[in-house]
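The lines below spell out each chain.
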Amino acid sequence: MKRFVQVSLLFLSGMLLQGVNADERWYVDAKANAHAGQYSGSSLRDGFYSGGALLNVDYIDIYSFAFAYNNVKIHFKDTGAGAYDVNQDVLSGRFQYNFYNDTLAGKVTAQLVMHGVTNSAPVTLSDDIVIIAPKISYTSYGKDLSMGFEYTYSDYAGNRNLVIQQYVPSIGFGFNKNSDWLQFDAYVIQSSNKRLSQGEDTLSAVRIKWQHWFEPSTIFSINNFFIDALAGKRIFAVDNKSFYIYNLEGIQQESVLLGFGWRPGEEFYVDVVAGAEKFTNKIIIDNEYSRQYLYISLSKHW
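Residues numbered from 1 in each chain as written. Predicted model: local features only at pLDDT ≥ 70, side-chain atom pairs only at ≥ 80, totals over all residues. Heavy atoms only, no water.

## Thoughts on the overall build of the protein chain
Turning to step 1, where the next piece is worked out: Of regular secondary structure, the protein chain possesses one helix and 16 strands.
Turning to step 2, where the next piece is worked out: Counting over 302 residues, the protein chain shows a buried share of 45%.
Turning to step 3, where the next piece is worked out: Once local pairs closer than 6 in sequence are excluded, the contacts in the protein chain between residues at least 24 apart make up 53%.
Turning to step 4, where the next piece is worked out: Per element, the accessible surface of the protein chain, about 15500 Å² overall, is 61% carbon and sulfur. (Helix = DSSP H or I, 4+ residues; strand = E, 2+ residues; numbered from the N terminus. Buried < 20%, exposed > 50% of the residue type's maximum accessible area, 1.4 Å probe, protein only. Contact = heavy atoms within 4.5 Å. Areas by Shrake-Rupley, 256 points an atom, 1.4 Å probe, with all protein chains shown as cover.)

## A few points about the pairing of strand E5 (residues 106-119)
Turning to step 1, where the next piece is worked out: When strand E4 (residues 84-101) meets E5, the two strands line up antiparallel, connected through 14 bridges. The partner of Gln 88 across the bridge, within E5, is Asn 119.
Turning to step 2, where the next piece is worked out: Adjacent in sequence and paired antiparallel, E4 and E5 are bridged by four residues, among which Ala 105 carries a positive phi angle near 55°.
Turning to step 3, where the next piece is worked out: Here E5 pairs with strand E6 (residues 129-140) via 12 bridges, running antiparallel. Pairing of Val 113 across the sheet is with Ala 133, part of E6. (Pairing = 2+ DSSP bridges.)

## Quick notes on the pairing of strand E3 (residues 63-76)
Turning to step 1, where the next piece is worked out: Within E3, 10 of the 14 residues are buried, leaving the element largely enclosed by the surrounding structure.
Turning to step 2, where the next piece is worked out: Between the antiparallel neighbours strand E2 (residues 45-59) and E3 lie three residues, among them Ile 60 with a positive phi of about 40°.
Turning to step 3, where the next piece is worked out: Pairing geometry for E3 and E4, over 14 bridges, is antiparallel. Counted as the bridge partner of Asn 71 is Asp 89 from E4.

## So, unusual backbone geometry
Turning to step 1, where the next piece is worked out: Not every positive phi belongs to a glycine, and Ile 60 is a case in point at roughly 40°.
Turning to step 2, where the next piece is worked out: As for its position among the elements, Ile 60 is in the loop between E2 and E3.
Turning to step 3, where the next piece is worked out: Classification of Ile 60 by relative accessible area gives partly exposed; the value is 35%.
Turning to step 4, where the next piece is worked out: Despite not being glycine, Ala 105 has its phi angle at roughly 55°, a positive value.

## Concerning the environment of Gln 38
Turning to step 1, where the next piece is worked out: Within the fold, Gln 38 resides in strand E1 (residues 26-40).
Turning to step 2, where the next piece is worked out: Separated by 253 residues in sequence, Gln 38 and Arg 291 have C-alpha atoms that sit 5.5 Å apart.

## Brief notes about the packing of aromatic side chains
Turning to step 1, where the next piece is worked out: Within the structure shown, the criterion is met by 19 aromatic pairs.
Turning to step 2, where the next piece is worked out: Ring geometry for Phe 225 versus Phe 260: centroids 6.4 Å apart, planes at 35°, classification tilted. Of the two residues, Phe 225 is situated in strand E11 (residues 222-234) and Phe 260 in strand E14 (residues 251-265); the sequence distance between them amounts to 35 residues.
Turning to step 3, where the next piece is worked out: The positively charged end of Lys 209 is found above the aromatic ring belonging to Phe 226, 4.4 Å away from the centroid.
Turning to step 4, where the next piece is worked out: The side chain of Arg 234 reaches across the aromatic face of Tyr 187, ending 4.6 Å from its centre. (Phe/Tyr/Trp six-rings, centres within 6.5 Å; stacked < 30°, edge-to-face > 60°. Lys NZ or Arg CZ within 6 Å of the ring centre and 35° of its normal.)

## Notes on the pattern of salt bridges
Turning to step 1, where the next piece is worked out: This structure, assessed with the given rule, holds eight salt bridges.
Turning to step 2, where the next piece is worked out: As a salt-bridge pair, Glu 249 and Arg 291 come within 3.3 Å of each other at their nearest N and O atoms. Taken together, the positions of Glu 249 in the loop between strand E13 (244-245) and E14 and Arg 291 in strand E16 (residues 287-301) put the pair 42 residues apart, joining distant regions of the chain.
Turning to step 3, where the next piece is worked out: Among the residues examined, Glu 249 registers a relative accessible area of 7% and is labelled buried.
Turning to step 4, where the next piece is worked out: A relative accessible area of 1% means that Arg 291 is categorised as buried.
Turning to step 5, where the next piece is worked out: For Glu 288, the salt bridge goes to Lys 278, with nearest N and O atoms at 3.6 Å. With Glu 288 in strand E16 and Lys 278 in strand E15 (residues 268-281), the pair connects residues that are 10 residues apart, well separated along the chain. (Salt bridge = Lys/Arg side-chain N within 4 Å of Asp/Glu carboxyl O.)

## Examining the nonpolar core
Soluble globular proteins tend to bury their nonpolar side chains together.
Turning to step 1, where the next piece is worked out: Phe 48, Ile 74, Tyr 156, Leu 162, Ile 164, Phe 236 and Ile 245 are the most contacted members of the largest nonpolar core, which has 32 residues in total.
Turning to step 2, where the next piece is worked out: For this core, the secondary structure elements donating two or more residues are E3, E4, E6, strand E8 (162-175), E13, E14, E15 and E16.
Turning to step 3, where the next piece is worked out: For this core, the leading source of residues is E3, giving three residues.
Turning to step 4, where the next piece is worked out: If you look at the next biggest cluster of nonpolar residues, it comprises seven residues, including Trp 26, Val 28, Leu 55 and Phe 67. (Core = buried A, V, L, I, M, F, W, Y, C linked by side-chain atoms within 4.5 Å.)

## Here we look at the side chain of Gln 88
Turning to step 1, where the next piece is worked out: By the element assignment, Gln 88 lies in strand E4.
Turning to step 2, where the next piece is worked out: On the accessibility criterion, Gln 88 (3% relative accessible area) is buried.
Turning to step 3, where the next piece is worked out: In terms of polar contacts, Gln 88 uses its side chain to reach the side chain of Asn 247, at 2.8 Å. (Polar contact = N/O pair within 3.5 Å; in protein donor to acceptor, adjacent residues only side chain to side chain.)

Shown next as structure tokens:
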């Protein structure tokens, strides 16, 4: 089934690219990314790396759809039975449709994201996951205000039907002639069985992101930078914007990210993000650990 889905997506992508070449109303973004880091203080984890690709197709800002694939490998320490790796594959899809309303003086976007997850974890808690995430959002015509609400339903069918529900209201503001953006996201995560989510049934967190764009690009040709901070607690969280799923970690307590973007060509982008995240593994008593990582992506727009 997985092989059929991959072949189907490749075929559809080829059809879309042919349409792009024939019609300038279509726009395409392609991205490749790599992500690697180390764990500090973990009784189980040593390091990880991942790689992925994204193809997004947009029709004159009316509707768009994207397909993404990500592979992650986590190295686990030898705790008596030998060291081993957990390898995970995530296949994701996203569809968006935009409605324009002059009364609201803005754009309303309906979005649906879906993920399919398989991995080689020795415990089936994080395997055979199906995730569905609808979202509704509003962006003003001036692009200085954005509001949204996203709901994510994660079905861990491989582990006695554990269900994780995630609610994310958000609001963002543009200022300084829209060269700065301040984004606030609130997370509420509920588990259907707290025995399977490290004794937690409801967790909450707040995420704040500030991004600034330079026009023209500043020293070293930096086009933009951002600072992203998370406070609170999350478990089995899903980031539907980056298509990243926190299903192989413990309870996330906080994080700080620093990112820089370059635009070396008219339609070519390079992004680099350095991050540090803190977790707690309550299955192992008093095991608080962190991970530090570097993320790099290359994007092309045409």
